[in-house]
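# Geometric and topological summary
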Amino acid sequence: MAFARQGRSVDAVIAELEGKRQADVKWSEGRTFGMVYNGGPSVHEVAERAARLYLHENALNTKAFPSLGQIQSEVVGWTADLLHGPDSVAGFLTSGGTESILCAVLAARERAAAERGITEGEIVLPESAHAAFHKGAHLFGLKVRKTAVQADWTADVDAMAREVGPNTVLLVGSAPQYPQGVVDPIPAIAELAASVDANCHVDACMGGFVLPFVEMLGRDLPPWDFRVEGVHSISADLHKLGYAPKGVSVILHRHKALRKYQTFVFDGWLGGFYASPSLQGTRSGLPMAAAWAVMQHLGVEGYLELTRQTLENADRMREGIAAIEGVRVLGDGGYHLIAMAADPAVEPAIDIFALGDALLRRGWFHDRQGPPDTLHSTVSNSNTGVIEEYLADLAVCVEEVRGQRTDDRSTNYATLE
Ligand SMILES: *Cc1c(COP(=O)(O)O)cnc(C)c1O
């Protein structure tokens, strides 16, 4: 691929980019269940204006950009407030859920090495825990001990207890886990972690900016945040249902001494003293400032309204799916994530991936996941106004694929190229 010798005009470049997007999902029409989160026109406006202000700024050095130091500290502080962190809580902004999780895994390994002398650390987690924990174990040389989930898809703490031993450095629970959207028994997982002095991380990448408002709206919710004694760290993604543009998440630790285990400080380079809070070097100010602006713009009231709308959308979807013969919802957490599977009681069983293909032909994009084969929906305010149309199309598609099967059994949460 030859790189062009001659540059092109701004208009020509932008026009070509606009052309390239034609095949992309039309998220702004609400037909995508996940990946893009639409908080509405004014949320987009405030994010875009903040993004323009901070497009070129760099949080690598907050002495050059003290505003980004303040922005980080305020966003972290507000998030800690929502998650009932004690006064001691300390955190950082990262580029996303994966980076927050990697930081939590590293912090657990480093604490166990420093305080317990562990050199061959192990992580105990349910099979529902996000793939990023396996990535972290791979990168940081830890062994994963993976346990089956219970019939309701929540972590099986007895099974986890059987895998815990003297080398355990970290136990993981999710609030909620991604595949079926259920909240793990966090108090029991934290207690188990405490029994061997390992870290307990709660992955609230998906729930961090939903569950606090679910609770304020009065819906049932098991304990999951810093009010649970023994939770060391929590990850919460602003670029999901925090409605900030992509590239921003929060990692919180119960206190600063725990946070210290994720940082890297080096004073032996010709370039000078190097202190790094997370995994990046140069850090774009754009997502940090945009997240700050979105949080300021929405306030608790704004998030409550977006959460109320999200739950209304998700409840209506669950109700509609239940009314269609041949499909059903697996392990219903009752929040904003839905796993739709074939109903085994109905013959011939619907091929859920053929159903996914039929829905995609009508413009509805789901994540194909498994095992077991399911279509995943992360429901948000993005889907407001299209749920009835979706359910009507779903009913038509189920009839269309009854008795059919697709050879494509691939699942694709994330892709390489
Ligand atoms: C999205 C998600 C992650 C990973 O976050 P990224 O921002 O995609 O890196 C981790 N855990 C859960 C539960 C998630 O939903």
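Note that this is a predicted model, so its numbers are computed, not measured.

## Observations concerning the overall build of the protein
- For the protein, the helix and strand inventory stands at twelve helices and 13 strands.
- On the principal axes, the C-alpha backbone points of the protein span a range of 65 × 65 × 50 Å.
- Looking at the 417 residues of the protein, the share that counts as buried comes to 53%.
- Considering only contacts within the protein whose residues lie at least 6 apart along the sequence, 72% involve residues at least 24 apart.
- Total accessible area computed for the protein in this model is approximately 19,700 Å², and 53% of it derives from carbon and sulfur atoms.
- Positive and negative side-chain charges of the protein, numbering 36 and 52 respectively, have mean locations separated by a distance of 6 Å.

## Details of the pairing of strand β5 (residues 199-204)
- Of all six residues making up β5, six are buried, and the element is well covered by its neighbours.
- Burial along β5 is two-sided: the residues Asn-199, His-201 and Asp-203 and Cys-200, Val-202 and Ala-204 are all buried.
- As paired elements, strand β4 (residues 168-174) and β5 share five bridges and run parallel to each other. Pairing of Gly-173 across the sheet is with Val-202, part of β5.
- You can see the chain leave β4, run along helix α7 (residues 186-195) and come back into β5, and the turn it takes is right-handed.

## Brief notes about the site of the ligand
- Looking at the ligand, there are 14 residues lining it, with Gly-97, Thr-98, Asp-203, His-239 and Lys-240 nearest.
- With respect to the ligand, the side chain of Thr-98 contributes an N or O atom lying 2.5 Å from an oxygen atom.
- Asp-203 has a polar side-chain atom sitting 2.6 Å from a nitrogen atom of the ligand.
- Relative to its unbound accessible area of 380 Å², the ligand is 88% covered by the protein chains.
- The cavity that encloses the ligand is the largest pocket.
- Top element by residues in the shell around the ligand is helix α4 (residues 97-116). It accounts for three residues.
- Taken together, the residues that form the shell around the ligand break down as six nonpolar, five polar and three charged.

## Comments concerning the domain arrangement of the protein
- Along its sequence, the protein is carved into domain 1 (46-296) and domain 2 (300-401).
- For domain 1 and domain 2, the distance between their C-alpha centres works out to 29 Å.
- At the interface, 29 residues of domain 1 touch 27 residues of domain 2.
- Where domain 1 abuts domain 2, roughly 2,200 Å² becomes buried across the two surfaces, and 68% of that area is made up of carbon and sulfur atoms.
- Contact with domain 2 buries surface across domain 1, with Tyr-178, Arg-219 and Tyr-243 losing the most and accounting together for 27% of the total.
- Taken together, domain 1 and domain 2 are joined by nine residue pairs in polar contact (both at pLDDT 80 or more).
- When contributions to the side of domain 1 that touches domain 2 are tallied by element, the ones reaching two or more residues are α8 (211-216) and α10 (285-322).
- In terms of residue count, α8 provides more of the side of domain 1 that touches domain 2 than any other element does, four residues in total.
- Taken together, the residues of the side of domain 1 that touches domain 2 break down into 21 nonpolar, five polar and three charged.

## Considerations on the packing of helix α2 (residues 41-54) against α10
- Running from N to C, α2 and α10 point in directions that differ by 145°, and their axes come no closer than 8 Å. Between α2 and α10 the crossing geometry is right-handed. Of α10, the residues touching α2 (which contributes Ser-42, Val-43, Val-46, Ala-47, Ala-50, Ala-51 and Tyr-54) are Gly-285, Leu-286, Ala-289, Ala-290, Ala-293, Val-294, His-297 and Leu-298.
- Residues that form the contact of α2 with α10 fall into these classes: twelve nonpolar, three polar and no charged.

## Structural notes on the nonpolar core
- Judged by nonpolar contacts, the single largest core of 64 residues is most densely connected at Leu-171, Trp-224, Val-231 and Leu-238.
- With eleven residues, α10 is the largest single contributor of residues to this core.
- There are two domains that each give this core at least three residues, and those are domain 1 (46-296) and domain 2 (300-401).
- Setting aside anything within four residues of it in sequence, one finds Leu-238 in contact with Val-75, Phe-209, Tyr-243, Ala-244, Val-248, Ser-249, Val-250, Ala-291, Met-295 and Tyr-303.
- Within the second largest apolar cluster, 26 residues are counted, among which are Ala-314, Ile-338, Ala-358 and Val-401.

## Topic: the sheet that holds strand β13 (residues 374-378)
- The four strands are arranged β10-β11-β13-β12 in an open sheet whose pairing can be described as antiparallel. Two strands close off the open sheet at either side, each with one partner strand: β10 (327-329) and β12 (367-369). On average, each strand axis in the sheet is tilted by 30° relative to the strand beside it, whichever way the strands run.
- Strand direction decides the pairing type here: strand β11 (residues 337-342) and β13, joined by four bridges, are antiparallel.

## Thoughts on a nonpolar patch on the surface
- Taken together, the side chains of Val-10, Val-13, Ile-14 and Leu-17 present a nonpolar region at the surface, about 340 Å² in accessible area.
- Looking at where Ile-14 falls in the secondary structure, it is placed in helix α1 (residues 10-20).
- Take Ile-14: its relative accessible area is 40%, and that puts it in the partly exposed class.

What counts and how
Residues numbered from 1 in each chain as written. Predicted model: local features only at pLDDT ≥ 70, side-chain atom pairs only at ≥ 80, totals over all residues. Heavy atoms only, no water. Helix = DSSP H or I, 4+ residues; strand = E, 2+ residues; numbered from the N terminus. Buried < 20%, exposed > 50% of the residue type's maximum accessible area, 1.4 Å probe, protein only. Contact = heavy atoms within 4.5 Å. Areas by Shrake-Rupley, 256 points an atom, 1.4 Å probe, with all protein chains shown as cover. Lys, Arg positive; Asp, Glu negative; His and termini not counted. Charge placed at Lys NZ, Arg CZ, Asp CG, Glu CD. Pairing = 2+ DSSP bridges. Right-handed = clockwise from strand over helix to strand, strands pointing away. Near = heavy atom within 4 Å. Polar contact = N/O pair within 3.5 Å; in protein donor to acceptor, adjacent residues only side chain to side chain. 1 Å grid on protein atoms, 1.4 Å probe; cavity = no way out; pocket = protein on both sides within 12 Å on 5 of 7 lines; lining within 4 Å. Sits in = over half its atoms within 2 Å of the grid points. Nonpolar A, V, L, I, M, F, W, Y, C, P; charged D, E, K, R; others polar. Domains from an automatic or database assignment. Buried area = accessible area lost by both parts, 1.4 Å probe. Axes fitted to C-alpha atoms, helices over the stretch in contact; angles between N-to-C directions. Left-handed = near helix turned anticlockwise from the far one by under 90°. Core = buried A, V, L, I, M, F, W, Y, C linked by side-chain atoms within 4.5 Å. Patch = residues over 30% accessible without salt bridge, like charges linked within 9 Å, V, L, I, M, F, W, Y side chains within 5 Å. Salt bridge = Lys/Arg side-chain N within 4 Å of Asp/Glu carboxyl O.

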